[in-house]
Every structure is written in structure tokens, then in C-alpha cells.
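A look at the structure
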Amino acid sequence: MNGTWTLTKLALQRERFIVPLWLLLLVALTAGQVKRYATGIPDIAAFAREMAANQALTAFAGEIPSATLAGMAVWKNADAIYTILGLIMILTVVRHSRGEEESGRAELVGAGVVGRLAPLTAALAVTCGSAVLAGLLTAAAMTATGADVAGSLAFGAAITAAGLVFAGMGALAAQLTQSARTAIGVAALGLGLGYVLRFVADGGGLAALKWLSPQGWSHLVRPYGDDNVAVLLISLAFTAATLAPAYRLLVRRDLGHGLIPERPGPTASDRLRSPMSLAWRLQRGLLGGWIAGYAIAGLVLGALATSIEEVAQQGAAVEEFFHRYTASPEATMTDAYLWLIALSLGYVSALYPLLALLRLRNEEISGRAELLLSTPVSRARWVAGHLLFALAGSVLILTAAGLTMGLVAGAPGKVLAGALVQVPATWVLAGAGVLAFGLLPRAAAAISWAAFLFVNLFGEVLGPILGIDYWIARYAVPYPNLPMVVSGEPFTATAILIMTGVTAVLVAAGLAAVRRRALS
Amino acid sequence: MELAIEAEGLVKSFGRAQALDGLDLTVRAGEVHGFLGPNGSGKSTTIKILLGLLRADGGRAMLLDGDPWREAAGLHRRLAYVPGDVNLWPGLTGGEVIDLLGRLRGGLDRARRADLLERFELDPRKKAKTYSKGNRQKVALVAAFASDAELLILDEPTSGLDPLMEALFQQCVAEEKARGRTMLLSSHILSEVEALCDRVTIIRRGRTVEAGPLSQLRGLARSQVTAELASPPEGLARMPDLHAVRIEGNRIALEVDRTRLDAALAELIRVGVRDLTCTPPSLEDLFLRHYESEKAER
């Protein structure tokens, strides 16, 4: 364990900007929600009854823990917090363990007076420490809004527990595979499975499934209601059950190796003959993962549409829901739900082209672009290969989700059209990614993530916190401008043509900038 | 085409750091040209400008009669490049990378590829992420040598190779030279440059300080002479052309300009010579002379 403290300080120094940023975001999420409900909703108990009657919303957010301001704020955000925190935990612990090994830096560290267990212990100390901090800060912020102290602490504990489980999962995955990227994939699979199990448990009325999902354990605490903190013993036991084998593997295995060995590959290649085919090799894993993920999401979400009951009474919240997500008085609750899902799939799909385009920056930093561009490949052709995947890939993943969801929900044509209509809005983000890579390559990753978060948070999350009207989002974010073809609006091409035009301009400007700038 | 590379007064700065400050570099077609300089002197920056990856702030650069920035892709048809720090696609095997680079450069000599793989003892089935630094370098070298590019730009290509592989590298360069290829070889290993290069350019802090054939550059430096004489030398220490004279009994060691060697030997013979060694100046001496003057300036 020699050197653990030194390595912990090193990891903290490397995380000094990132951890405070996401802590602030996660803590502000629920506390801000309390404020919003306090000013916007006169009768919280009536609102809770209205929400509880909606099967789809129950599937997304889980059961309502208590019909109070704080309870409703937890209901609205807790599920997202558990899953986002889980993802952050996985990324952080893998970055500081397997990521360090893969880069060769762990070798340098391991040659010093550093125990074999020290690097993983330091990674876990930072990761789990920040999960504890996330819980404590949330509890403090909730108490500050006037919420019950016991309930706030229970919510904080549920957040910390979700963080610990996925930190453990990440640590174990990091011991299994040789590459950090695969480790993240393996652990994220666990995260996704936990999400789906909890979703189906609440959406399909199979409450027992919740006991199999890490996110479900935190849901079962029901803060401000039962405050059943004892459930979290399962989370702690599960964390211990992942860490024990992780440490046992760590002690036994060789530095830099995993359980799954590398197989030898082909001696020669006939297929790699152009920058395009190289881009295919580099991009196919990411694209395949997104297509599979979107197809599964479509299946689950489509299945839910069939169980939606039409709400008879027209409460204020339902009215607002219809106002946002339908365009005709004849549209049904199911139509509104399907459009909401298509729109959500659109919002999230914006991340795919940005990630695909950031591979370009990765190629540049690593020096592989230098090697490639020393051959007769022009910069435009190099970028075009990856851009093709960013643009066509967006179409493919939305098609995958549209097809599965439409088939399961029993409205294949309409739902597929609803998914495909999202494409131009997602392309605008791809255009922004190309421009960032061309003009400000060093900030490209930060700009891409900021653009994605802005688009996703502005209308639904930041707007309410800052007191901006939902419909202002139309001017800042492409998605609310799309024709609601699923819920009663006839197809019009105007918005689509404008967005495609904007994309073309952004891409052209980005390409021009790439051709002009120095390559590092 | 007489000159493969012609750069005049290249200037490049990154923010406040001046990387190149009026650098000149001339490489004739068909020659092996050594490109020498201490760390951070601007060798890699120059090469990146010649490859069209960076644009010079000032000066003129010509590569194979073209403009390296504007005609980058077209000119790259005729050259192959081995970076100093070779980083490969982790998921591709060495064989796949060699084939990819070869195809992009417009073809690869299959027989030569197989021959080089065998001589460099490189397993092409391994994924690039499992290769050591030396093996990654071998991948880039095999791809470059098996291409039919007329110009090879090699940026410290042997920094990760063991002595056996380095000897093999020297052999390959000699073969390529015999086939009429031009090579720009940036290096730290002076014996390698001495063994391989027709002409060298020595740079320091972004400027060219010496350029020319090795024999001519040697003329600028002094030969080392040690001798055992018939009797203790007297008066020799005061001779104007002799430098760093050390006398120990009958033995004498001194340095002398190559142009004044005649006169110095005549003096020694006058006293009577029992034993004599005369070492021509090495590239190392040249290099160190500039390197030390840089230290003195700091």
C-alpha cells in the first residue's frame, strides 16, 4: 500500500476541475427542482396524484417516494442522478487504473516505492470519496431548501451507494480487460442492465426486478417517504463483492495484462486501402454499440407505449405535457408519449456524431494523423472519412430505434418517421463538432461536451432553474423546432431544410479551417 | 530535378517560443543527407513544415519541386516518412499498418515487404498496442523501405532499435541509396551519420550552423596527433599552429588544423619520431564544438 497517499494526491490534482464541475451540476439538479416546484405548482399533492397515474412517467422516473415538494423533486431527478453518477464513477476509476496502465505511466509509477495495491486503492479513494461528497452535498443542499433532514440524509445515502456500486464495477472491469475502452464498455453494460431492470420493474409492474438493479436499490430507499436506508446494505455488500475479486486479480496478474488475452491478428490486409476503410475500422465499434443500444432502447420504450392508459381528467401538468408534445387536439396520450420518446432519442443521439468526430482529435494528438497525412491523403479526405460515419451513423442509430420501437408499439411508419425527423437536428451538432475541431482543436472536446449538455439541459433543466420559459429553447436548440409528425403535426420541410443548410455551412467552415491550420 | 529539398530562411514560432529562426537546408537528389542538432533545435519542426503539417511563418521551402504546404497530398505520393515517435492504431496488426501505409503511398513491393519483415524479425500478426517502441519503429521502417517512394524522410529512426537492428538499418539505407533514393536522416547517433551520409546540416536553436560534405566539414576541425619522440621536444609548445599541447617526457599530444598538418609533422620528424597516431576529426568533435559554444552562450 506504499505510495497510496501520493498517488491519491496526484489523482486529485488531475481531477481538480472535473469533479467540482459534475458535483455542482448533480447537486444543483434536485435542489433547483424543489425551487421550481415551489414556485410553479400550487397543489403538490394533486400534482403527485396526476403523475402517479401516468405509467410512462413511472417507468422513466420510478415510483413517487412521497407526495411532498422534496419527494417530487427526488422523483423527477433521482433516477438520472444514480445513472449519471454511475457512469462518472466508471469513467473515473477506469481512467486512474487501467487507463494509467495502458498509457505506460503505471510502469513508471510501479518502478517507484509503490505497493502493488496502491494505484487501484488511490483510484478508488478519489472515486468513492467524490461519491460520498456528492451524497453529503446533496443532503446539505436539500436541507437548505427546507426539506426534512432525515429524508435529505437518506437521499444523500442513496446517491453515495449508487456511486459506490458502479465504482466497484468499474474497478473489477478494469482488471479483466487489457484496454481501458473495453473496460468502460463492460462496466457500462452493467450500468445499462441496471437501468433497464429498474425501468421494466416500474414500467411493467414487475416490482421484484427492482431488487436486481443497483439503481433499484437506491430507488427502494424512498427518501422523504419510508427513508428505508437499510436497503443500501445490499449496495455495500455488492460493492464489497466486486472489490474483493478486483484486488485478488490485481495481486496475481502481470502489469499491463488482463484476463482476456490478445489474439494474434492477420498478417496482411486487403481491405484497408483508403482513409475511408481505416475510418471504418476505427469507428465500427462505436457505431455498432450505439446501434445496438438504440435498438434495445426502442424495444423497451416501444413496449411501454402499449401499456399507456388514456388519462381522462385534464390536470394542469397533463395539459402542459400535451401542450409541449402534441400539435393537434386529436392527438392521444400515446401519441404524445411516442413523440416525447422520439425527441429524447434525438437529444441523446447528438452525442454520437460528437464522439465520432472527437476520434479525429485523438488521431491528431497521438501522432497517427501525422503518419497518415505523410501519405498522399489530403486533410479533407481524412476528415471526410470520419465525418461520413458521424452523419450516416446518426441516421443509422435513429433508424434502429425507430424500427424496433415502431414495430413493438404497433405504429411502424409513424414512429420511424418521428425518429428520422430528428436526424437534421443531430447533424447540426455534428457540424458544430467539425467547426470546433477546425477552429479550436485544443478545446474541441470541451466544446463538444458543452454543446451536448447545453442542448440537453437548456430547455428541460436549466430553463426552469434559471426561470427561462420552455419555448425560448426553440431559438437556442434545434430539436423543439422539428415538426411533431408523431403527434398530429403534418410534415413540413422548412425546419429540416434550414438545419441541413446550417450543418452544411458549419461543416464547410470547419473543413476550411482544418485545411488552413497547423497540425499538432 | 537537382535538389530534392530546398529550404531558405525558414522561420516558425509557437506563441513566444521561436522554433525556427532562419533555417537553411539543401538536400540534393540521390544523396543521404544527415540532419543534426541537439534536442529542441528545430529538426522535427523543419520536417513537419516539409511535410505540410505546419506552415512556415517566413522563408521559402521547396520539396521535390513543389510547395510542401499547397501541394501536400500530391507530393506525398513520392515520399515516405518515418516519425521519431511512432504511434500506431492500437487495434490494427503490424502487417495491416504496413499494407495500409503502402497502399496509401501507391503500392508496395510484396517481395521486399516479406524480406524486410524477416530481416527485421518483426511479427506482423501482433496488434500494434502490444509492440514495443522499437517494434513500432520497425513497422514504420518496413512500410517506408518497401514503398517505391523516391524520397525518404527519417526522423531519428533508430532511437528504439538495438545495435543489431541498427546495423541492419544502416545496411538498408545503403541498399536504398544504391537504388537511387534520396534520404533525409535526422539523427543523434553521430557514428550512424558518419557511416551513411554524403552531406550533413548541423542546426542549433533554429538556425543552420554548418552545412556541407562531411570531408569539407572535417576540414574545419582539427586532427589529434600523439607521438613518442626520440628526445624531449623543446620549442614545439611555442609553435603558433599547434593547440592544446601536452608534453610528458618524450611523449607529446597536440591538436592541429588539418591545413597545417604538414608543418606540424615536419617539426616532429626534426626531433625524431618513434611512434605516431593521427586521428581525423570526428563528427562528434564538430558537433560538440557547436554544442559547447551554445552552453557557453547561455
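Note that this is a predicted model, so its numbers are computed, not measured. (Residues numbered from 1 in each chain as written. Chains lettered and ligands numbered in written order. Predicted model: local features only at pLDDT ≥ 70, side-chain atom pairs only at ≥ 80, totals over all residues. Heavy atoms only, no water.)

For the rest of this paragraph, the subject is the overall build of chain A. Summing up its helical and strand segments, chain A has 23 helices and zero strands in all. The C-alpha atoms of chain A give a radius of gyration of 24 Å, which matches the 24 Å a tight globule of 520 residues would have. Each of the three principal axes of chain A carries a C-alpha extent, and together these read 65 × 55 × 40 Å. Counting the 520 residues in chain A, one finds 53% classified as buried. Considering only contacts within chain A whose residues lie at least 6 apart along the sequence, 78% involve residues at least 24 apart. A total accessible area of about 22000 Å² is found for chain A, and carbon and sulfur atoms account for 69% of it. Computed over 35 positive and 28 negative side-chain charges, the inter-centroid distance for chain A is 13 Å. (Helix = DSSP H or I, 4+ residues; strand = E, 2+ residues; numbered from the N terminus. Rg over C-alpha atoms; globule rule 2.2 N^0.38 Å. Buried < 20%, exposed > 50% of the residue type's maximum accessible area, 1.4 Å probe, protein only. Contact = heavy atoms within 4.5 Å. Areas by Shrake-Rupley, 256 points an atom, 1.4 Å probe, with all protein chains shown as cover. Lys, Arg positive; Asp, Glu negative; His and termini not counted. Charge placed at Lys NZ, Arg CZ, Asp CG, Glu CD.)

So, on to the sheet that holds strand β5 (residues 79–82) of chain B. Residue and element names in this part refer to chain B. Pairing within the open sheet is mixed, and its six strands lie in the order β5-β6-β7-β3-β8-β9. This sheet does not close on itself; its edge strands, each paired only once, are β5 and β9 (207–213). Strand-to-strand twist in this sheet, taken as the mean axis angle between neighbours without regard to direction, amounts to 15°. Here strand β3 (residues 32–36) runs beside strand β7 (residues 182–187); their pairing, made up of five bridges, is parallel. In the sheet register, Gly34 faces β7, and the bridge partner there is Leu185. Packing of helix α1 (residues 43–50) onto the sheet brings it into contact with β3, β5, β6 (151–155), β7 and β8 (199–204), and relative to β7 it is tilted by some 150°. Most of the contacts of helix α6 (residues 163–178) go to β7, to which it runs at about 155°, and overall it touches β3, β6 and β7. (Pairing = 2+ DSSP bridges. Axes fitted to C-alpha atoms, helices over the stretch in contact; angles between N-to-C directions.)

Taken domain by domain, chain B comprises domain 1 (3–217) and domain 2 (222–280). Computed over C-alpha atoms only, the centres of domain 1 of chain B and domain 2 of chain B are separated by 42 Å. (Domains from an automatic or database assignment.)

What follows is about the sheet that holds strand β1 (residues 3–14) of chain B. Residue and element names in this part refer to chain B. Strand order across the open sheet formed by three strands is β2-β1-β4, with antiparallel pairing between neighbours. A single partner strand is all that each edge strand has here, and the edge strands are β2 (17–28) and β4 (58–63). Here the strands of the sheet are splayed against their neighbours by 15° on average, with no regard to which way each runs. In the sheet, β1 pairs with β4 via five bridges, with the strands oriented antiparallel. Its bridge partner lying in β4, Ala7 is registered against Ala61. Its contacts with the sheet place α1 against β1, β2 and β4, and it is angled at close to 65° to β2.

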